[in-house]
Protein chains: 2
Amino acid sequence: VKITILGAGLIGGSIGLAAKARMDAEVTGWDPDQSACTVGKRIGALDLAADTIQGAVEHADMVFLAAPVGALATLARVALQAAGPDCAVSDVGSTKRALAELSSDGRFLGGHPLAGAEASGIEHARGDLFVGSSWYLTPTPDTRADLRRRLEDAVTRFGAKPVEIDPETHDRLMARVSHLPHVLANVLAREAARALDEHTEVAAAIGPSLRDATRVAGANTRVWSDIYLANRDFLVEAIDAASNELAMVRSALADADERAIANWNEQARSDRARLIGESAHVAPGPAQPAR
Amino acid sequence: VKITILGAGLIGGSIGLAAKARMDAEVTGWDPDQSACTVGKRIGALDLAADTIQGAVEHADMVFLAAPVGALATLARVALQAAGPDCAVSDVGSTKRALAELSSDGRFLGGHPLAGAEASGIEHARGDLFVGSSWYLTPTPDTRADLRRRLEDAVTRFGAKPVEIDPETHDRLMARVSHLPHVLANVLAREAARALDEHTEVAAAIGPSLRDATRVAGANTRVWSDIYLANRDFLVEAIDAASNELAMVRSALADADERAIANWNEQARSDRARLIGESAHVAPGPAQPAR
């Protein structure tokens, strides 16, 4: 099977490594920065580096677009034009509405693996990056059933669980469980840095809990600016909800309302327990092949 | 050396374990819930369980108050009354201004170890809980030099770094680097749980990054209600600063201002790098004994 990666970064490289190790695939890469493909070949994520998108795509059975969200729509159109009639084309973008209209082409099926790492770049790619994680797919009635099965099978072989979702629901959820957390991590990092400017004693206070809370702060700006902007309507809604909650807490604190503060904390406690409990028995994806 | 713990929970029990293992101390415990001391003896954190505060304190060389913040002021007054003239009395509270007036008694020296664990209760106590962490101390000109040295020595033997700070600076810092992160973790847990109520697909989205971001959500309500309320003035300031930052981001998103979003993310990126860098070379505490 021939797999093509357009965009040779952390995710694209990890797909290449997984495809070679777990599907015995021949992997071709293309990236506007040719040196990324050179690294990809060196680490064993790519067999071939193509000079053009057309050259990378024309003989592929499956194409993964692994570029920043803002570049995906154009990349997808070029890829669909160059790809053969039986080639499955998917992407790994963190927002899904922008590509929804491409689904009228039955070969296109949007995707989003919920995997990542603190460090970006193909040199940090790992063949097991997707093991145990969810991989959203956004099929429509137009999606070709055979190509959908091919993609679900590949995702499952990478170790991920395919999870079906529609683009709008996906983007609304991500605003609340991924994009808002990134925004708040940035806010915390900025606040702590301001405190550091005022008092050197703060250095002693930077412990594991602040590290955890700011782990995703200042994630790759090119990738995340695109995500924030592509999903800005739902993200604004999530920020408004968070701001309202903060205003409620602020008011309870200003009133020294002990009961309100205790109730609010208890609710957060049971909310988190429920989230962790749910994540322990995620529904299986729609089409996991029998073992 | 005789050490007394008033309050047999995670922190009190960990002090007991550390004092026995690292100082060969005889450790006496008292807790309003006698069963906590029974557990403390079973796990080896306490040698003796006292029936009264007075009985626990009267022969001690050092007393650690390890109760929720709201109970500390009363507990400290009773302990200072019962303690001998050469007994050092300290606490482990997460806010420090409420006890500042006790420092007119030269035997009292406020403290705050920056250590904790997700699980509370003495059954989760660990003798190495403080290893590598900072332990704030708030000496004043009234603090007796010999008792201060005794405390700093104990803290150092527990594996922590004593760090001198004044109570007001401590509380302002904690509002920004600890209490605000807890508030925002609660906000995220509540938002994610609301999303879960609306869409079952969210279960698949609860990955490592949401776990990290909400790790401290809904921390022990009795402990944290006290902390939030005791530090509510500075916490309100920190919430206001976070709200202003959120309003700025919201406005940049609503305007689709790509440059503002990219700049903001880059600042958060360099802020976090600076925080992590600073934490790697924290200034040593004021009085680490020579090895």
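The structure presented is a predicted model; accordingly, all values stated were derived computationally and were not measured. (Residues numbered from 1 in each chain as written. Chains lettered and ligands numbered in written order. Predicted model: local features only at pLDDT ≥ 70, side-chain atom pairs only at ≥ 80, totals over all residues. Heavy atoms only, no water.)

As for helix α9 (residues 232-254) of chain A
Defined as follows: A helix here means a DSSP run of H or I that spans at least four residues, while a strand means a run of E at least two residues long, and both kinds are numbered starting from the N terminus. Expected span of a helix, by definition, is 1.5 Å for each gap between consecutive residues, and there is one gap fewer than residues. To sort residues, take the accessible area from a 1.4 Å probe on protein chains only and compare it with the maximum for the residue type: under 20% means buried, over 50% means exposed, and anything in between is partly exposed.
An ideal rise of 1.5 Å per residue puts 33 Å on 23 residues; α9(A) measures up with 32 Å between its terminal C-alpha atoms. Within α9(A), burial applies to Phe234(A), Leu235(A), Val236(A), Ala238(A), Ile239(A), Ala242(A), Glu245(A), Leu246(A), Val249(A), Ala252(A) and Leu253(A).

Remarks on the pairing of strand β2 (residues 26-30) of chain B
In summary, the side chains of a regular strand alternate between the two faces of the sheet. Residue and element names in this part refer to chain B. Under the convention used in this document: Strands are treated as partners if at least two bridges between them are detected by DSSP. Every crossover in which the path from the first strand over the helix to the second runs clockwise, viewed with the strands pointing away from the viewer, is termed right-handed.
When you tally the buried positions in β2, you get four out of five residues, the bulk of the element. Sheet topology note: the strand β1 (residues 2-6)/β2 ladder contains five bridges and is parallel. When the sheet's bridge partners are listed, Leu6 is paired in β2 with Trp30. Note that the unit made of β1, helix α1 (residues 10-23) and β2 has a crossover that is right-handed. Relative to strand β3 (residues 48-49), β2 runs parallel, the two sharing two bridges.

Concerning the confidence of the model for chain A
The predicted coordinates of low-pLDDT regions are not to be read in fine detail. Residues and elements named next belong to chain A. We apply this condition: Confidence of the predictor in every single residue is expressed as pLDDT, which spans 0 to 100. The contact criterion used throughout is that any non-hydrogen atoms of two residues lie within 4.5 Å.
Scored by pLDDT, chain A has a mean of 91; 94% of the residues are at 70 or more. Low pLDDT, under 50, characterises residues 282-291; the predicted model gives this stretch 16 contacts beyond four residues in sequence or across chains. Predicted complex, confidence summary: ipTM 0.87, pTM 0.88.

Here we look at the nonpolar core
So the rule is basically this: Nine residue types can take part in a nonpolar core, namely buried Ala, Val, Leu, Ile, Met, Phe, Trp, Tyr and Cys, and a core is a set of them joined through side-chain atoms within 4.5 Å.
Within the largest apolar cluster, 93 residues are counted, with the highest numbers of intra-cluster contacts made by Leu6(A), Leu65(A), Leu6(B) and Leu65(B). Ignoring sequence-local partners within four residues, the contact set of Leu6(B) consists of Trp30(B), Ile53(B), Ala56(B), Val57(B), Val63(B), Phe64(B), Leu65(B), Ala66(B), Ala67(B), Leu75(B) and Ala79(B). In terms of nonpolar packing, the next biggest core, distinct from the first, is built from 36 residues, Ile3(A), Ala19(A), Met23(A) and Ala45(A) among them.

Here we look at the packing of aromatic side chains
Counted only if it meets this: Two aromatic rings, drawn from Phe, Tyr or Trp (for Trp, its six-membered ring), form a pair once their centres lie within 6.5 Å of each other, and the interplanar angle then sorts them: stacked below 30 degrees, edge-to-face above 60, tilted otherwise.
As enumerated under the stated definition, the model contains 14 aromatic pairs over all chains in all. Here the aromatic rings of Phe130(B) and Trp135(B) are separated by 5.0 Å at their centres, their planes lie at 50°, and the arrangement is tilted. Trp135(B) matches Phe130(B) in its accessibility class, with the two residues each being buried. Ring pairs connect the aromatic residues Phe64(A), Phe130(A), Trp135(A) and Phe158(A), which therefore count as one cluster.

So, helix α5 (residues 145-157) of chain B
At 3.6 residues per turn, the α-helix brings residues three or four places apart onto the same side. Residues and elements named next belong to chain B. Between its first and last C-alpha, α5 extends 18 Å over 13 residues, near the 18 Å set by a 1.5 Å rise per residue. Buried within α5 we find Leu147, Leu151, Glu152, Ala154, Val155 and Thr156. Tucked into the core, α5 has its buried residues touching α1, β4 (62-65), β5 (88-91), β7 (134-138) and β8 (161-164). Just beyond α5, the residue with positive phi is Gly159, at close to 100°.

Brief notes about the sheet that holds strand β2 (residues 26-30) of chain A
Adjacent strands of a sheet form backbone hydrogen bonds with each other and so pair up, either parallel or antiparallel. The strand order across the open sheet built from five strands is β3-β2-β1-β4-β5 (chain A), with neighbouring strands paired in parallel fashion. Either end of the sheet is taken by a strand with one partner, and the two such strands are β3 (48-49) and β5 (88-91) of chain A.

Digging into the interface of chain A and chain B
For clarity, the cut-off: For any pair of parts, buried area is found by adding up, for both, the accessible area (1.4 Å probe) each one loses once the two are put together. The salt bridge definition used is simple: a Lys or Arg side-chain nitrogen within 4 Å of an Asp or Glu carboxyl oxygen. Counting of polar contacts relies on pairs of N or O atoms within 3.5 Å, with two restrictions inside protein: one atom must be capable of donating a hydrogen and the other of accepting it, and residues adjacent in sequence are counted only when both atoms are side-chain atoms.
Taken together, the contact between chain A and chain B spans 86 residues of the former and 86 residues of the latter. Both sides together, the interface formed by chain A and chain B hides about 8500 Å², and carbon and sulfur atoms give 65% of it. Residue Arg274(B) pairs with Asp197(A) through a salt bridge whose shortest N-O separation is 3.1 Å. At the junction of chain A with chain B, the criterion picks out 28 residue pairs in polar contact (both at pLDDT 80 or more). Where the side of chain A that touches chain B is concerned, the elements lending two or more residues are β7 (134-138), β8 (161-164), α6 (167-198), α7 (208-213), α8 (221-230), α9 and α10 (258-280) of chain A. The biggest single contributor to the side of chain A that touches chain B is α6(A), with 23 residues.

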